[in-house]
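# Per-entry structural report
Read off the chains here:
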Amino acid sequence: MGFFHRPRIAVRPMERSEFQRLPEHVAIIMDGNGRWAKKHRLSVSLGHRQGMETVRSVIRHTNDLGIQSLSLYAFSTENWSRPRQEVEALMQILVEFITADIDKLDAKNVRVRMMGDKGRLPELPRNAMTDAEERTAGNTGMNLNLCINYGGRDELVRAAQTLARACAGGEMEAEAITEKAFSEALYTRGQPDVDLMIRTSGEMRLSNFLLWQCAYAEFVFPEKLWPDFTVQDYDRVLTDFSGRQRRFGGRV
Ligand code: IPE
Ligand code: IPE
Ligand code: MG
């Protein structure tokens, strides 16, 4: 090896024991696929396709770190307003991802859940999601929440309807609608609140994601576009989180 030829030092992913504290529930708004595609003069769907590679590495690392829940915002209730071609490409990429990766996820004891209104989804993604949910229903490892046709307000309205029906049917008193009961009527029932919310691409907004669950979340906004976001970037975000002082309204 020549003198000037320095070997590249591979940065290894961090391990659980290296963090002072880790979140129990990480939520990610995977943003920037469109800008990434534009930057590389590629079609938007290729941007989404490249974004799927980041999805894979982030899922793997979250699972390796033993984090309980990972919620990924893949398609919002507002994303239907995008060009039809893009919506179709996105749905297809989601189906490809779930069918290609379900064996591996299942083998790793991951429980896949789809969060969002399945009703409006085309048959193919709807069936792929239902299959993945059913296949992994008994798994006890990480919860992988795929948020597809998800809207935070839509979720809250649905929860209100569920509770209202229970009251009208005489199964429940209005006074029994507590924060706990409300949480149990959401898609995330049984899972901890979001501790860490990440949105890539420098945008700093929630875009209707997990409104209830984010009440006390810590927010991090990495500049990187989603397809460029690496495991090292993820580790940096988690390190930032582990150093934050969370007060929950108290005085520490
Ligand atoms: C986010 O990337 C992914 C989805 C909405 C599915 P965008 O497509 O919103 O990327 P930008 O914001 O246009 O760069
Ligand atoms: C939010 O990103 C939705 C997903 C990442 C799936 P958008 O790119 O759709 O959000 P806005 O329109 O910039 O708020
Ligand atoms: Mg966007």
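What this report covers is the structure whose coordinates are included nearby. Quick caveat, the model's predicted, so the values are computed rather than measured.

Moving on to unusual backbone geometry. A positive phi angle is found at S201, which is not glycine, with a value near 80°. You can see S201 is positioned in the loop between β5 (196-199) and β6 (218-220). S201 sits in the buried class, given a relative accessible area of 8%. In the Ramachandran plot, L210 falls in the positive-phi region, its phi being about 40° despite a non-glycine side chain. One can find L210 in the loop between β5 and β6. On the basis of relative accessibility, which here comes to 0%, the residue L210 falls in the buried class.

With that settled, consider the site of ligand 2. Contacts to ligand 2 come from I29, M30, D31, Y73, A74, F75, N79, R82, R199, R205 and S207. At 3.2 Å, a side-chain N or O of R82 approaches an oxygen atom of ligand 2. R199 is positioned with one of its side-chain polar atoms (N or O) 3.3 Å from an oxygen atom of ligand 2. Relative to its unbound accessible surface of 380 Å², ligand 2 loses 77% to contact with the protein. With three residues, strand β2 (residues 69-76) is the single largest residue contributor to the shell around ligand 2. Among the residues forming the shell around ligand 2, the class breakdown is five nonpolar, two polar and four charged.

Definitions and cut-offs
- Counting of residues starts from 1 at the beginning of each chain's written sequence and follows it residue by residue.
- Chains carry letters from A onward and ligands carry numbers from 1 onward, assigned in written order.
- Confidence filtering applies because this is a predicted model: local features only for residues at pLDDT of at least 70, side-chain atom pairs given and counted only at 80 or more, and all residues used for totals across whole chains, interfaces and linings.
- As a rule here, side-chain values come from all non-hydrogen atoms in the structure, and water together with hydrogens is ignored.
- Each helix is a run of DSSP H or I of at least 4 residues and each strand a run of E of at least 2, with the numbering of both proceeding from the N terminus.
- Accessibility here uses a 1.4 Å probe with only protein chains present; expressed as a share of the type maximum, an area under 20% marks a residue as buried, one over 50% as exposed, and anything in between as partly exposed.
- Summary of the distance rule: residues count as near a molecule or strand when at least one heavy atom falls within 4 Å of that molecule or strand.
- Here a polar contact is taken to be a pair of N or O atoms separated by no more than 3.5 Å, where protein atoms must pair a possible hydrogen donor with a possible acceptor and residues adjacent in sequence count only if both atoms sit in side chains.
- Methods summary: accessible areas were calculated by the Shrake-Rupley approach with a probe of 1.4 Å, and residue burial reflects only the protein chains presented.
- Throughout this entry, Asp, Glu, Lys and Arg are counted as charged residues, while Ala, Val, Leu, Ile, Met, Phe, Trp, Tyr, Cys and Pro are counted as nonpolar. The remaining residues, Gly among them, count as polar.

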